[in-house]
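Commentary on secondary and tertiary structure
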Amino acid sequence: MSTARVASGRGWTPERGGVDWVLAGVAVALSGVGLLLVWSSGGAEMARRQAVAVGLGLVAMAVLARLDLRALRSFTAVFYLVAVVLLAAVLPLGDQVNGARSWLDLGLRFQPSELAKVALVLVVAVPLAPGDRGPRARGVLAALGLAGLPIGLIMLQPDLGTALVFTATTAGAVLVSGASKRLIAGLVLASAGAVAWLVTVARPYQIERLAVLLDPSADPGGSGYTAAQAKIAIGSGGLLGRGLFQGEQTAGGFVPEQHTDFIFTVAGEELGFAGCAAILLLVTALLWRGLRIAAASASPYGRVVAGAVVSWLAFQAFVNVGMTVGLMPITGLPLPFVSFGGSATIACLAAVGLLQCVRRTRSAIVSG
């Protein structure tokens, strides 16, 4: 295939039978485990709603997997604009949950920030993949600017945890794009400054969460209650757990938000250390397959898209598990594929569809 043909956009040939069935199987397995844990902690009705979300997510995954990278790139701008408009609409029109105005009800209640994660992955890859060579400074700055708008809107909700996911996703995209070490060093310094600024403008409840992380026993009946109960629930499961649907902590509802942000405590109590280890192994396998897809991509754009997806899922999983075991401050981040949440589940399965799309594309546009 000639360089001219590739550069002009012709020759985007998806491989027949190029689906990564291991990746798909791991995503389905994690979603299945999540369904069982949601059923145990939230009841049959909640499990039914989660099953609907998984079904819709699998459809989104299949549709995106069948597209090629040129199609994805062509509608990225529209997708990004829709996501930004929805994020802006949340501020005056959204429903407030747990102190953040993150939900929008347009006949169907959903969380625009989850849709925006998929849009972010696609849009930052455009300026970061100008060709065979890594992006120049203006490409990196353009990516940061495109990411900064949704991050700013999410901070106004305010939802610090999701804003950090967006930041980590963008940073991962820059790292895999082939940007120069000087640009990466500048990004690190800018990120450090941003974190320092966020600490200065943190709200009182966010400061309390940091204090609990530093001293878990400071207020076990108040601000430290959730962290303390999470550790009790996980520790009570022992090696093999009490058995699915048999968790006393889970049945008693001692851990707040146990079907969403703290679903890992349900796994710890009912499935034990072995069950938790199995979930982490599945997450690791999914991330590993994603990294392999990024490394093998013939397209700079595909490589950045895959790297951004892996960064998003890895950061969110690390923070979620870390906060349940006392290694990270408590944030409202669900465990990918496992926690209850229609918007989040659909977004994560759509992200797997993006990985499949990158894998199936044998050649891609080098520039533009």
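So, a few notes on the structure that sits alongside this text. Every value quoted in this text rests on a predicted model; they were computed, and no experiment measured them.

Because each turn of an α-helix spans 3.6 residues, side chains separated by three or four positions in sequence point in the same direction. A rise of 1.5 Å per residue sets the reference length of helix 7 (residues 137–155), with its 19 residues, at 27 Å; its end C-alpha atoms lie 26 Å apart and thus fit the reference within 8%. The complete set of buried residues in helix 7 reads G139, V140, A143, A147, P150, I151, L153 and I154.

A separate point is the sheet that holds strand 3 (residues 109–110). Strand order in this open sheet of 3 strands is 1-2-3, and the pairing throughout is antiparallel. With partners counted over all chains shown, the strands left at the sheet margins are strand 1 (95–97) and strand 3, one partner each. Looking at chain direction, strand 1 and strand 2 (residues 100–105) are connected through 3 bridges and run antiparallel. From the neighbouring strand, V97 faces strand 2, where its bridge partner is A100. In the packing of helix 5 (residues 76–93) onto the sheet, contacts are made with strand 1, strand 2 and strand 3, and the angle to strand 2 comes to roughly 105°.

Side chains carrying opposite charge are able to pair once their charged atoms draw close together. Within the structure shown, the criterion is met by 6 salt bridges. D20 is the salt-bridge partner of R359, the closest N and O atoms lying 4.0 Å from each other. Placement of the pair is R359 in helix 15 (residues 342–360) and D20 in the loop between helix 1 (3–8) and helix 2 (21–42), with a sequence separation of 339 residues. Classification of D20 by relative accessible area gives buried; the value is 3%. With a closest N to O distance of 4.0 Å, R242 and E248 form a salt bridge. Several salt bridges share partner residues, and in doing so they unite D20, R289 and R359 into one network.

Time to look at the pairing of strand 2. Pairing between strand 2 and strand 3: 2 bridges, direction antiparallel. Counterpart to L104 in the pairing with strand 3 is F110. The hairpin turn running from strand 2 into strand 3, its antiparallel successor, is 3 residues long, and G107 in that turn takes a positive phi close to 90°.

Reading guide: rules and limits
- Residues numbered from 1 in each chain as written.
- Predicted model: local features only at pLDDT ≥ 70, side-chain atom pairs only at ≥ 80, totals over all residues.
- Heavy atoms only, no water.
- Helix = DSSP H or I, 4+ residues; strand = E, 2+ residues; numbered from the N terminus.
- Expected span 1.5 Å × (residues − 1).
- Buried < 20%, exposed > 50% of the residue type's maximum accessible area, 1.4 Å probe, protein only.
- Pairing = 2+ DSSP bridges.
- Contact = heavy atoms within 4.5 Å.
- Axes fitted to C-alpha atoms, helices over the stretch in contact; angles between N-to-C directions.
- Salt bridge = Lys/Arg side-chain N within 4 Å of Asp/Glu carboxyl O.

None of the figures reported here should be taken as evidence of function without further support.
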